[in-house]
Structures are given as structure tokens and as C-alpha cells.
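Topology and contacts: notes
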Amino acid sequence: MTGVRKGLAKVEFALRWDPSPAGTPANDLDIVAAVYGGADPHGTPVQLVHFGSRSPDGTIALNRDSHTGQGFGFDEVMTIELHRMASQSSRVVVGVVIQNADTGDGGRAKTFADIAGTGFRIREGHTDLAQGDFATVSAATAATVAEFSRDASGAWSFEPWLHGVEADPEEFARTMGALR
């Protein structure tokens, strides 16, 4: 992954993975974005955007959603229009969570190690800001991937933040923006 970049306006987060083998439960990964206000930048998100939703002001939208990983290239794509966000929005954390994480073996949840071909790309326009996979967090069921923060001048910057956790989708959404 690359380093910090400032002055961002509109970014795209793309996620890919391979379909599960025939006869096994489908792999369903989802992009989740949490927006935090300046008064509580590490607490409860003021907006939470994921499959089947978009931000009320239209600044974050999931443009492509897959439940199986089938297709070519990236299976899910989320657009984040940082330059249009309300001035009280100070931080956006983007992560990935494994939905329906049952492996079918009677209790163990799927982890990134169970899903082949995982990868992500973060870009602004045609410039890649970061790209990678989930190999370093292979034992996790969810992971934060990126943090966008607004400075005092109003400029947005990006910092890669790949951190895996073992959490169900609801718990991950509540805790993904906690202090590192």
C-alpha cells in the first residue's frame, strides 16, 4: 500500500474475490463505510453505508454489489465523494466484512483465508492510492482497510489501515472506527 495523500475529492473503493467451490456456501464479502463527526471521530458513526444503502446526502454509494464473487474484475465498488461531505464530517473509515460467514462445518466462521482471490483497490480518478489483499489478516472475519480524514483547512487525506478483527457484521460496524 502507498502512503498518505492529501487533497482528495472523489475516491473509489473496489473489492474482489473468487466464487466459492461448487457445492459449498457462497462467499459474500461487503464493503462498509463509516462516517464520523468532528465531535466524536472515533466513537459512534454518524452514517453507516453498506450493501442495500447509501448515505442520506448521496456522498457515499455502493455502485456494484455481489453476493457470490462471480464475474470479472472487481465484484463490489463503492464511491465516496469526500469533497461533497458536510463540514462536520471529519473521518471516514472503510472496511470489508464477510457476510454469512458460516463455513458449513458446524460452527467455525469463514475467514479471509477461506476465500480465494481476495483483493482491493483504492483510487482517485485513474490514480491508484492503494491496492492489496487480505493475506496479512487471513484469520479475520472483517477488516478495516482505509481511513480518510479531514484537516483544519478542509482537505481530505488518505491513510491505508489494514487491520483484521474477528467480529460479526453488526459488531464490526459498531467498532470499526475505534482508536488504533
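These remarks concern the structure in this document. (Residues numbered from 1 in each chain as written. Predicted model: local features only at pLDDT ≥ 70, side-chain atom pairs only at ≥ 80, totals over all residues. Heavy atoms only, no water.)

Examining the pattern of salt bridges
Quick note on the threshold: Salt bridge, as used here: a side-chain nitrogen of Lys or Arg that lies within 4 Å of a carboxyl oxygen of Asp or Glu. Secondary structure elements are defined from DSSP: runs of H or I of at least 4 residues count as helices, runs of E of at least 2 residues count as strands, and each element is numbered from the N terminus. The classification of residues rests on relative accessible area computed with a 1.4 Å probe and restricted to protein chains. Under 20% of the type maximum is buried, over 50% is exposed, and intermediate values are partly exposed.
Counted according to the given criterion, the structure contains four salt bridges. A salt bridge links arginine 121 to glutamate 12; the shortest N-O distance between them is 2.9 Å. Remark: glutamate 12 occurs in strand S2 (residues 10-16) and arginine 121 occurs in strand S8 (residues 119-124); sequence separation between them is 109 residues. Judged by its relative accessible area of 14%, arginine 121 falls in the buried class. Take glutamate 12: its relative accessible area is 23%, and that puts it in the partly exposed class. In this structure, the salt-bridge partner of arginine 123 is aspartate 128, at a minimum N-O distance of 3.0 Å.

Focus on the pairing of strand S10 (residues 142-150)
Threshold: Strands qualify as paired when DSSP identifies two bridges or more between them.
Most of S10 sits inside the fold, with eight of its nine residues counted as buried. Relative to S10, strand S7 (residues 89-99) is paired through seven bridges, and the arrangement is antiparallel. By the bridge assignment, valine 92 is partnered in S10 with phenylalanine 148. With eight bridges joining them, S10 and strand S11 (residues 156-165) adopt antiparallel strand pairing. Bridging from a neighbouring strand, serine 149 pairs with serine 157 of S11. The antiparallel hairpin formed by S10 and S11 contains five residues in its connecting segment, where glycine 154 sits at a positive phi of about 100°.

Focus on the nonpolar core
Here is the rule: For our purposes a nonpolar core is just a set of buried Ala, Val, Leu, Ile, Met, Phe, Trp, Tyr and Cys residues, chained together by side-chain atoms within 4.5 Å. For this analysis, residues touch if any pair of their heavy atoms sits within 4.5 Å.
Phe13, Ile80, Leu82, Phe112, Ile122, Phe134 and Phe148 are the most contacted members of the largest nonpolar core, which has 35 residues in total. Contacts of phenylalanine 112, omitting those with residues within four sequence positions, involve Leu29, Val96, Ile98, Phe134, Val137, Ser138, Ala140, Thr141, Ala142 and Ala143.

Overview of the packing of aromatic side chains
Note the cut-off: Pairs were defined over the aromatic rings of Phe, Tyr and Trp, the Trp ring being its six-membered one, requiring ring centres within 6.5 Å. Orientation was assigned from the angle between planes: stacked under 30 degrees, edge-to-face over 60, tilted for the rest. Here, over-ring charges are defined by two tests on the NZ atom of lysine or the CZ atom of arginine: distance to the ring centre within 6 Å, and angle to the ring normal within 35 degrees.
A complete count under the given rule lists four aromatic pairs for this structure. Ring plane angle 5° and centroid distance 6.1 Å describe the contact between phenylalanine 13 and phenylalanine 120, whose orientation is recorded as stacked. Remark: phenylalanine 120 occurs in strand S8 and phenylalanine 13 occurs in strand S2; sequence separation between them is 107 residues. Judged by its relative accessible area of 2%, phenylalanine 13 is buried. Summarising the aromatic geometry, the rings of phenylalanine 148 and phenylalanine 158 are spaced 5.3 Å apart at their centres and angled 40° between planes, so their arrangement reads as tilted. On the criterion of sequence distance, the pair formed by phenylalanine 148 in strand S10 and phenylalanine 158 in strand S11 is long-range, its members being ten residues apart. Residue classification places phenylalanine 148 among the buried residues on the basis of a relative accessible area of 2%. Assessed through its relative accessible area of 0%, phenylalanine 158 is described here as buried. Counting every residue linked through ring pairs, the aromatic cluster contains Phe13, Phe112, Phe120 and Phe134. The residue whose ring lies beneath arginine 91 is tyrosine 36, and the NZ or CZ to ring-centre distance is 5.3 Å.

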